[in-house]
Each structure stands twice: as structure tokens, then as C-alpha cells.
Amino acid sequence: MLSSEFVVRSKHINALNTELKTLNFSRAMIQEKIREKARELLSKKAVDLIIGFGEGSLPLRATPLFIRSLEETDRLIWNSFCENNLSTYLHKLSQFKVGLVVKGCDARSIIALSHEKRFKPDQLFLIGVPCQRMVDRRRVKKAVKGEILRAHEQGDQIIVEGEDFKTILKREDFLYPSCQGCIHRTPIKADVLVGDPVEEFPLIETYHEIEEFEKKSPEERWKFFEKESSRCIRCDACREACPMCYCAECFVDSSNPKWMEKGLSPQDLEFYHIVRAYHQTGRCSGCGACERACPMEIRLTYLTQKLNWDVKELFDFETGIDAETPPPLSTYEIEDKQEFIK
Amino acid sequence: MKWKLDKKDFKPFLQSLMVEYDLFAPVQLAEGVSVYKKIDRPDEVDLSSSNTQKPTKEVFFPQSETMFRYEKTGNQHQVTSTEEVERKRVILGARPCDIQAVLLIDQVFSGKEYTDVYYVNKRKATTIIGMACDHPLSPCFCSSMKGGPFHREGSDLLLIDLGEAYLVELLTEKGMTFQKNKFFKEALAKEINSAKEIEERATKKTDGSLPVAGIEKRLDQMMESPFWERVQEKCIGCRICTYLCPTCHCFDIVDEALTNKGQRVRNWDSCLSSLYSQETSGHNPRPTNRERTRQRIMHKFNYFPKNFDRIACVGCGRCIIYCPVNFDIRQTIKEIQNSILQNEK
């Protein structure tokens, strides 16, 4: 992993350096601009509510925040813990005009959802944040002994403190896997950008993890999948966190026809995860919200990223990059490759 | 008299337990993810995490449990029940909060009106070896919920980690049967003192300041409050908080049927899922997340106290730690207590 990480990174070392120098400044500026925009939208009554992020109740956390009045706008924050994909909330807010804070990946979900006609025109106002990649709170927790009681960011560092320790960590070493490989950090679709667009480069090759995984034998891969899915407790958090999971009746819940049982047998757990991933083909923005939500830390994005990669290879399509081109699995052309039928 | 168990004797002690009992203890499934499992080898036991993801209730009330199997061959029908527990059981390493929760759901499964044989058989066959909580975490609020990191109620034995050894307290009749265990030695005065210090330190860490007094009465007046609309907004409607809750105990019963055989299974269910309350007609009396979130809070802080005279929350902190959107029940409790009720306006 290190060698390819290095190759990719050395190409962008200058860009990275400039970015690190300005991190503190840009985080504060972005936060101020989000608040400013929220005030403006609410005072003009251009939206009914703003969904952004507020201070979390635990260290290393932010929390989705729903704001309807001017007085509340100062509660909006921006930092490296704003990990949720807020577009998942839009399905229950179809009767409202919403101002939504979006990162690059979240904006891609919005484009994908627009293809599926989930919004009325002008229902959304997207406050786009050029993203500095999000910090993986679990990775941080595992790196220190003892309970973290306070955490804050300073430039390219995360400073965590406990009862009897203070540790300084390099932010870049603790990013979510989905963020490390991200090349669409600046929202492609946004009504306003609250920050300068960032230079797009991955810290590791986007599909590097998948490529490495594919080198394993089918038996090894299955064993890995079996082990991961065996931890599933069927809490549906991956489904609920995902903006693309909005079926009125999920196949999991259907009793007629009944696709699967409700217990914890390996075949049901495996079936669930495979079908959930397949349903995302050509629709997943790779935001990683499913994996972040999982309380059992199942590596769910192995499946979805593999499908994203296949869609890119086979159809030259990436979810949510282009508002015009329909997703390959919801359209067809006479010239489409037909190899799979033969 | 108090006892101690040297850590060098710990594995042999577990081995000896396993001769007589089925042993259940925390096992790590992945780095930082642990659950209670039946132990096959003492090496599997992992007491390093302060609390498991899934709570101790699972040993008595498994997430998915077969109640009976049935099969039809020709004109013969055969039904095989699975309610018997064949061997005595020990749970090792349960935290005081989880044990409190077990006492709490005991009232549901072996209450005045109804006895659940599946639960009760396991419960009766089980000895609980609790593990005092020497490092309560910041989201823990057991001391506010009639518990505490060293709360002894419900444990048959309690272990206190002294570093090189565990101090062992034998607390009940079941616990006293361990009195002659060959691995237990008499504890020295300094070890007993050191355990006391650890207890004082841990107890200080959980200050018990969460204002829960009177919450049941306030909720009586809040059924139609706009509060629910607001508080539920960021909840994405998954089931983590209910499944990982040591006191949540709802289940659903289904038949997993093939043509001539099948089994009746009960699985954990969650009031936060829309299917939970959906009726056959398609009508759902709890149509949105507002009613479902209200149900979760009401059951813990109003209905359960009405039925069993105590709040159905032990302050283990799991729902706070694992919530994908950082819904914090401590804040919810404070907001309920601070809200202005109709009659107070």
C-alpha cells in the first residue's frame, strides 16, 4: 500500500503542502461562510430549514443539525468530523425547501438522486463545501490508549487528550478510507461554494484497496466476506445512513414475497449485504456513510467500491459526476456491450 | 472474608469452570468489536474492552432464537421444543450496568402475569460473575440510574481488577458455592484496601448528576408535545440504539417454513422500525419517526416505570456511543426536564 500511496502523493506534494498550511484558516472561514449563507437564506425565506452540522456531544463527533431560525445559525460548525451524508434526510422532507450543507461525495449523491427524480426543481439549495477529507474517529480511538475526553484540530494535527495523556496525531494518517481515495472533494453541483475549490488528487489510488483485495484467491475473499458479514446485527444502519436507500418497502422487510428470513443465519446476512450492494450499482457515490454507521465495523465498502469500479471500467461512468448522463443501469443503447448475455 | 484470584490462575480457573458450566464471556470479533459468546477455549475470553457492543441480555435473550422445530412425515407430526437448558451456565465479565439491566428485564420475562420459559430456564441455570467497572467512560451515567460502576446487585460473584490479581466477592448463595474453589485464595488486607480505593475512584468518575427525578410525570403530559417532532429530526431510524440497549426486550415471532418442516423463531425487534407497528391492513399507527422515537423514550421513562416502578435505562452509554448521528439520550432527558409544559405556561 505504501508504494502506490507514495507515487500518487509525490505527484501532488506541493498541492498537499499548500493545503495543509491553509487548513486552519479555511476551516474557520468555511464555518463562517456556512453561517452567513444560512442567515441569508433564512432571512430571505428562500428555504424552510437548513441542514448542516453542529457540535457533537462526544469528542471526535459532529452531529446533524436542523435549523429554522436566525438565532440558531451560530450553532452551525465545520470540522473534520462532519462525516454524515446529510442528503439521506431529504426523503422525509419532500414538502420543504431545504438548504443543505454538502461535501463533494454528498453532492454526488444529490446528482444521483436527481436522476431518480427525488426532488422538485428548486426544492434544494446546496451549500457546497470543498472537503478536506474526514477523520476516522475509530482509527483515532484505536491509536491511543485510554479514553479520549477532548479532541480538537490544529492545522494538520488532531490533538486528543485524556485523563493523563495528550497526544498529537497527524490528521492525514487518520482519514476514512473512502476519503483517502477521493478525487471529487469539491462539490460538482452546488448553489454556492463556501470555500475555494481544492485541487483534486487522491492520497491513495481510489480503487487501490479493491485492487489488492482482488489479488486474493476466491476462497480467501469469500472467507473475508463471511467473517465481515457474520458480525452483522441487522440494525439497518447502513441502509438508513445511505441516501440511495429509500425504497418504500426494502426487500429485507417484504413479507410477500419473502426474500429472506429475519434471523442471523449466515446465508441471510450474506444475502442482505450482497443485494444491498448490488442495488447500489451505478448509484453509489462512495461516500462511505454505510461503513461509518455500522456499529460492528463491517467493511461494507469493499462491495460497493468494487461495483463502482466495475461500472467505471464497463461503462465509463462515475456516480454523480455528470448531471446529464443517465446512470448506465437505468438506460440502454443499441451499441451497448452485450458480452454478459453470451 | 474476601478472596482473590491471581491472574496467572485465570485461564486454569476458566478451564475448570468449563468442565461444569457452559461459559459465556466477551469475545473480540474484530479490533474494538466484542460480544458475549459461548467460550470453547479460555484464550477466546477478552476482558480488555470496557463494555461489549451487544449487551449481556443476549445470553438469556438471544437476538435470534429457535423456539421449536416441526416436521411432517407421512401422517406423523413431530414437534421438538428447544426450551430446555442442558448445562449450567456462567456469565463472566458482565458489567454492573448490564447486570442491572438483566434484573430489569427479569420482571418482564418472569413477572407476575407471564413466564417466558426460554428466558427463565437460561436465567435460572446461570451464575453471574460480574466485573467491577474500574474505568467508567464519559458517556456512562449508571450512577444517575440507581446503579454505579461497582454496583453489586444481581452479581453472584464480583471481580475487581487489582492488576496482578482479581479481588473476588461472593455475593449470593450461588456465589458462595465457589467458596472452596481451588483457585481462590484469601485476600490480604492491603488488597482489600486497594480494591476500596479503586471503587472510590471509579465512583467519583460517574457523578450521577443527570436529572431523572420526576421524568415519568412530565412525560405524562407530553404525548402531543411538539418536542417529539424536533427531537426525532436527526434520527435516521436505524435500530442500533435498541439492539445494543441492555434493557430493550421487544421481539417478533416468525415461522421459517419449508413445505413439510420448519421452525418457529423469535428475533429481536425494534420500535424504531416502521414494520414494528405496521398492521396487516397496511395501516401503521406509528406512521413516522416522530411516533417511533416517542415510543422509545416513553417506554423507557414512562411506561416501564408505571409497570415496574423503575426507569428502563441503566446508563451504559451504548446508544450514545454507537449512534451514527450522535443522538444523545442524556440531552433528550435534560430537554424533557427543562421543557415548558402546557400547565406551566
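Residues numbered from 1 in each chain as written. Chains lettered and ligands numbered in written order. Predicted model: local features only at pLDDT ≥ 70, side-chain atom pairs only at ≥ 80, totals over all residues.

Visitor: Lay out the interface of chain B and chain A in plain terms, naming residues and giving numbers.
Guide: Quite often, the size of an interface is put as the accessible area lost when its parts meet. Listed as interface residues are 34 residues of chain B and, on the opposing side, 30 residues of chain A. Elements represented by at least two residues in the side of chain B that touches chain A include exactly β2 (21-30), α9 (240-243), β11 (251-257), β12 (261-268) and α11 (318-322) of chain B. Among the residues making up the side of chain B that touches chain A, the classes are represented as 17 nonpolar, nine polar and eight charged. (Contact = placed C-beta atoms within 7 Å. Helix = DSSP H or I, 4+ residues; strand = E, 2+ residues; numbered from the N terminus. Nonpolar A, V, L, I, M, F, W, Y, C, P; charged D, E, K, R; others polar.)

Visitor: Would you mind going over the pairing of β2 of chain B in detail, with residue names and values included?
Guide: All names here are of chain B. The sheet contact formed by β2 and strand β6 (residues 88-94) spans four bridges and is parallel. Note that in β6 the partner of Phe24 across the bridge is Ile91. By the bridge criterion, six bridges tie β2 to strand β3 (residues 33-38) in an arrangement that is antiparallel. By the bridge assignment for β3, Val27 is matched with Val35. Hairpin remark: β2 followed by β3, antiparallel, with two residues in the connecting loop; positive phi at Gly32, about 85°. (Pairing = 2+ DSSP bridges.)

Visitor: Go over the confidence of the model for chain B with me, naming the residues and quoting the values.
Guide: Across chain B, the average pLDDT comes to 95, with 99% of residues at or above 70. Scored by ipTM, the complex comes to 0.95, with pTM at 0.94. (pLDDT = per-residue confidence, 0-100.)

Visitor: Tell me about helix α3 (residues 104-115) of chain A, and name the residues and values.
Guide: All names here are of chain A. Across its twelve residues, α3 extends 17 Å between first and last C-alpha, which sits within 8% of the 16 Å expected from 1.5 Å per residue. Within the sequence span of α3, burial applies to Gly104, Cys105, Asp106, Ala107, Arg108, Ser109, Ile110, Ile111, Ala112 and Leu113. Check the buried side of α3 and you find it contacts β3 (98-102) and β4 (124-128). Two residues or fewer past α3, Lys117 is found with a positive phi of approximately 55°. (Expected span 1.5 Å × (residues − 1). Buried ≥ 20, exposed ≤ 12 C-beta atoms within 10 Å, placed from the backbone.)

Visitor: Got a sec to walk through the confidence of the model for chain A? Specific residues and values, please.
Guide: Low-pLDDT stretches of the model should not have their predicted coordinates read in fine detail. For chain A, per-residue confidence averages 92 on the pLDDT scale, and 93% of positions sit at 70 or higher. Per-residue pLDDT stays below 50 along residues 1-7 of chain A; that stretch engages in seven contacts with residues further than four places along the chain or on separate chains.

Visitor: So what's going on with the sheet that holds strand β6 (residues 157-161) of chain A? Residues and values would help.
Guide: Residue and element names in this part refer to chain A. What the three strands build is an open sheet, ordered β5-β6-β7; its pairing is antiparallel. On the outer flanks of this sheet lie β5 (150-154) and β7 (166-170), each paired with one strand and no other. Sheet twist, expressed as the average angle between the axes of neighbouring strands with direction ignored, equals 20°. Direction of pairing for β6 relative to β7: antiparallel, over a ladder of five bridges. (Axes fitted to C-alpha atoms, helices over the stretch in contact; angles between N-to-C directions.)

Visitor: How would you summarise the domain arrangement of chain B if you had to cite specific residues and measurements?
Guide: All names here are of chain B. Segmenting chain B into domains produces domain 1 (3-205) and domain 2 (215-344). The C-alpha centroid of domain 2 is placed 26 Å from the C-alpha centroid of domain 1. Counting residues at the interface gives 34 residues for domain 1 and 26 residues for domain 2. Looking at the side of domain 1 that touches domain 2, the elements with two or more residues in it are β4 (64-73) and α3 (96-109). No other element matches the nine residues that β4 contributes to the side of domain 1 that touches domain 2. Residues belonging to the side of domain 1 that touches domain 2 are distributed by class as follows: 16 nonpolar, ten polar and eight charged. (Domains from an automatic or database assignment.)

Visitor: Which residues make up the sheet that holds β12 of chain B, and what values go with them?
Guide: Residues and elements named next belong to chain B. If you trace the four strands from one edge of the open sheet to the other, you get β5-β4-β12-β11, paired in antiparallel fashion. For this open sheet the edge positions go to β5 (76-81) and β11, each flanked by a neighbour on one side alone. Strand after strand, the sheet turns through a mean of 15° between neighbouring axes, direction not considered. Summarising the sheet, β11 and β12 pair through seven bridges and their orientation is antiparallel. Along β12, the bridge assignment pairs Glu256 with Gln263.

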